[in-house]
Amino acid sequence: MKASLLRLAAPAAIFVVGMAGWQCLTAFGFVAPYLLPAPSQVLRRMAAVHTLLLAHSMVTGLEILLGFVVAVVVGVLLAAAVVYIRPFEAAFYPWIIATQAIPKVALGPLFIVWLGLGLPPKVVIGALIAFFPILIDTVVGLKSIDRESIFLLQSMGARRWAIFRYAQLPTALPNLFAGMKVAITLATVGAIVGEFVGANEGLGYVLLFANGTVDTTLLFGALVMLSLLAVVFYLVVCLFEAVFIRWHVSRRGDVARVTM
Amino acid sequence: MPNQAVRLAAIGKVFGSAGGDVVALDGVDLEVAERQFVAILGPSGCGKSTLLMITAGLIPPSVGSVTVGNVRVTKPLTDVGIVFQRDLLFDWRTVVGNVLLQAEIRRLDPAQARAKAMALLKQVGLEGFENSHTWELSGGMRQRVAICRALVHECSLLLLDEPFGALDALTRDQMNLDLQRIWATDKRTAILVTHSIAEALFLADRVVIMSPRPGRIVSDMTIDLPRPRTLEMRDSVEFSRYQREVRKTMERLGVLREEDTR
């Protein structure tokens, strides 16, 4: 009880102190408001334009979500192909890894040309950036099963699908979730990059617009919304993780305390 | 319940490795009668675990054949329960869930399987732990769960691959007693691989000794001790005589050495 209170109170205290510091910094004139608006100013502005911010947040949120979902589907399927289809691994895996050397942000303009200004290029860029950690982690997870466990299941009459379902998939879940936690933040990066390259809506668009008019208050308002989006998505992934791998070593309170 | 005799004929196994081929098993012949408990005793690395996996159809032999009942084994045997040295429990399943894995994959009747699982867990002293997490159990308790998992489906052949090798001596004695009791209830054909002389003599009807690599069967003795065997019996004259005999054989093979010849 005491420990969980600390876990909530400590970050909250840091937040309050940080905000108060920021407020003082601007209120006492150390920094010009057009460079760094006070938090109170940002909040007032956000309240004033909340319909606009919410609408653009919905756009970016959908881009992040779809980019992430595509990344998970593609990442897991590719991982399964790499693990189960030997020729696929031999032929494609080196190339998949090699493509990671390309800065995918640089491909943004190309996707805008190919797919236009709307949702699709953002989803593609987000998925392209986000699938890699999922692929790598899932491959490791699926390969982590030992030979004896497979022997055990085979002696029960299990074929490949049953071995996957009863042993390999659960074994791989902790890795898959580790990959998804990285991927959800990368999907956010992808969506914003896509909007920077070319868009007429979304928080990235608002950021660029505010930048163009040197409207730092709006800029901060959009940043706050973006941070909130990212945090909420991350927490949702954590929630799923907590439900699906309750049994894992990393989630048993006693052990986690020692290793942290 | 059907029960099966096991026949291994001229089994050989060669593993390819970077340093050349390694002959793990060479011309192993072994017959285990129905409802007989045979212990295979041998030093580490003599290929006895490999032999057990070959018997189960999980590793193909390089030469020779395995027959269980009247059927030649060419793919993983399923009318079998295997206990490995590591308990191989799945952390994402409860204790009873781990036992029922066997039943789920075999698509047995859930209600019946559950009743059987509960009865088995009770038999090994795990009543009340059915819904515990695996990581809450001690090593001995975990291995008991693994034994229940190997028995829940009424198989006709039990293969035990150094099941108590990782346990402390006291727990091991208890497990030997438990295993004997469980086995005695419906006496299925059983093959136990072990490197403990006392364990082999305590549990088996026959003790087979294997030589160091390449693994061959060099001795086959019938253990004529009354059942149920007790821990006290291990101090008896007969038991000591068997023990001496096994040790002599092992010394002759160079597995055990009294004086330092290095």
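Quick caveat, the model's predicted, so the values are computed rather than measured. Throughout, residues of each chain are indexed from 1 in the direction in which the sequence is written. Chain A is the first chain written and ligand 1 is the first ligand written, with later ones labelled in order. pLDDT decides what is reported in this predicted model: residues at 70 or higher carry local features, side-chain atom pairs at 80 or more are listed and counted, and totals for whole chains, interfaces and linings draw on all residues regardless. Derived side-chain values reflect all non-hydrogen atoms in the structure, with water molecules and hydrogen atoms excluded from consideration.

What to know about the overall build of chain A
Next up, step 1: Scanning chain A from N- to C-terminus turns up eleven helices and zero strands.
Next up, step 2: The order of helices and strands in chain A, counted from the N terminus, is α-α-α-α-α-α-α-α-α-α-α.
Next up, step 3: Principal axes of the C-alpha set define a box for chain A whose edges measure 75 × 55 × 30 Å.
Next up, step 4: Contacts between residues were defined by any pair of non-hydrogen atoms, one from each residue, lying within 4.5 Å. Partitioning the contacts of chain A with sequence separation of at least 6, the portion at a separation of at least 24 is 72%.
Next up, step 5: Computed with a 1.4 Å probe, the accessible areas rest on the Shrake-Rupley method; for each residue, only the protein chains presented here act as cover. Carbon and sulfur atoms make up 76% of the accessible area of chain A, which amounts to about 14,100 Å² in all.
Next up, step 6: Lys and Arg are tallied as positive, Asp and Glu as negative. Neither His nor the chain termini are counted. The atoms used to mark charge sites are NZ of Lys, CZ of Arg, CG of Asp and CD of Glu. Taking the 17 positively charged and 10 negatively charged side chains of chain A as two groups, their mean positions are separated by 6 Å. Each helix is a run of H or I in the DSSP string that is no shorter than four residues. Each strand is a run of E no shorter than two, and both are numbered from the N terminus.

Section: the interface of chain B and chain A
Next up, step 1: Taken together, the 22 residues of chain B in the interface contact 19 residues of chain A.
Next up, step 2: Buried surface area refers to the total accessible area, computed with a probe of radius 1.4 Å, that the two partners give up upon joining, counted for both partners together. Interface of chain B and chain A: buried area, both sides summed, is about 2,000 Å²; carbon and sulfur atoms make up 69% of it.
Next up, step 3: Among the residues chain B hides against chain A, the three largest losses belong to Trp92(B), Ile105(B) and Trp135(B). Together they make up 32% of the total.
Next up, step 4: Every case where a carboxyl oxygen of Asp or Glu lies within 4 Å of a side-chain nitrogen of Lys or Arg is listed as a salt bridge. Summed over the shared surface of chain B and chain A, the number is two salt bridges.
Next up, step 5: A salt bridge links Arg86(B) to Asp146(A), with the nearest nitrogen and oxygen atoms 2.7 Å apart.
Next up, step 6: Looking at the side of chain B that touches chain A, the elements that each hand over two or more residues are β6 (80-83) and α2 (95-106) of chain B.
Next up, step 7: At five residues, α2(B) tops the list of elements feeding residues into the side of chain B that touches chain A.
Next up, step 8: Of the residues assigned to the side of chain B that touches chain A, the class counts are 14 nonpolar, two polar and six charged. Classification used: nonpolar for Ala, Val, Leu, Ile, Met, Phe, Trp, Tyr, Cys and Pro, charged for Asp, Glu, Lys and Arg, polar for all others including Gly.

Topic: the side chain of Thr138(A)
Next up, step 1: Assignment of secondary structure puts Thr138(A) in helix α6 (residues 119-143).
Next up, step 2: Residues within four places of Thr138(A) in sequence aside, it is in contact with Val76(A), Ala79(A) and Leu176(A).

Brief notes about the packing of α6(A) against helix α8 (residues 160-197) of chain A
All names here are of chain A.
Next up, step 1: Only the stretch in contact is used when a helix axis is fitted, and all axes are lines through C-alpha atoms; the angle between N-to-C directions ranges over 0 to 180 degrees. The N-to-C vectors of α6 and α8 enclose an angle of 155°; their axes lie 6 Å apart at closest approach. Taken together, the axes of α6 and α8 are roughly antiparallel relative to one another. The handedness of the crossing between α6 and α8 is right-handed.
Next up, step 2: Tallied by class, the residues present in the contact of α6 with α8 amount to 17 nonpolar, nine polar and three charged. Here roughly perpendicular refers to angles of 65 to 115 degrees, roughly parallel to angles under 35, roughly antiparallel to angles over 145, and oblique to all remaining angles. Should the near helix be turned counterclockwise from the far one by less than a right angle, the crossing is left-handed, whereas a clockwise turn marks it as right-handed.

A closer look at the sheet that holds β6(B)
Residue and element names in this part refer to chain B.
Next up, step 1: By definition, two strands form a pair when at least two bridges between them are found by DSSP. One open sheet holds the six strands; their spatial order is β6-β7-β8-β3-β9-β10, and the pairing between them is mixed. The strands lining the two open edges of the sheet, one partner per strand, are β6 and β10 (217-222). Recorded for the sheet is a direction-independent mean angle of 15° between the axes of neighbouring strands.
Next up, step 2: Of the pairings in the sheet, the one linking strand β9 (residues 206-210) to β10 comprises five bridges and is antiparallel in character. From the neighbouring strand, valine 208 faces β10, where its bridge partner is aspartate 220.

As for the domain arrangement of chain A
Residue and element names in this part refer to chain A.
Next up, step 1: Either an automatic procedure or a domain database provided the assignment from which the domain bounds are taken. The domain architecture assigned to chain A consists of domain 1 (1-31) and domain 2 (37-259).
Next up, step 2: Relative placement of domain 1 and domain 2: their C-alpha centres are 29 Å apart.
Next up, step 3: Counting residues at the interface gives five residues for domain 1, matched by six residues for domain 2.
Next up, step 4: Together, the buried faces of domain 1 and domain 2 total about 490 Å²; carbon and sulfur atoms form 60% of this surface.
Next up, step 5: Of all residues in domain 1, Trp22, Gln23 and Thr26 bury the most surface against domain 2, accounting for 74% of the area lost on that side.
Next up, step 6: Joining domain 1 to domain 2, the criterion identifies zero salt bridges.
Next up, step 7: Under the rule applied, a polar contact is a pair of N or O atoms within 3.5 Å (in protein, one hydrogen donor and one hydrogen acceptor; residues adjacent in sequence only if both atoms are side-chain atoms). Counting across the interface, domain 1 meets domain 2 through two residue pairs in polar contact (both at pLDDT 80 or more).
Next up, step 8: Residue classes in the side of domain 1 that touches domain 2 are distributed as two nonpolar, two polar and one charged.

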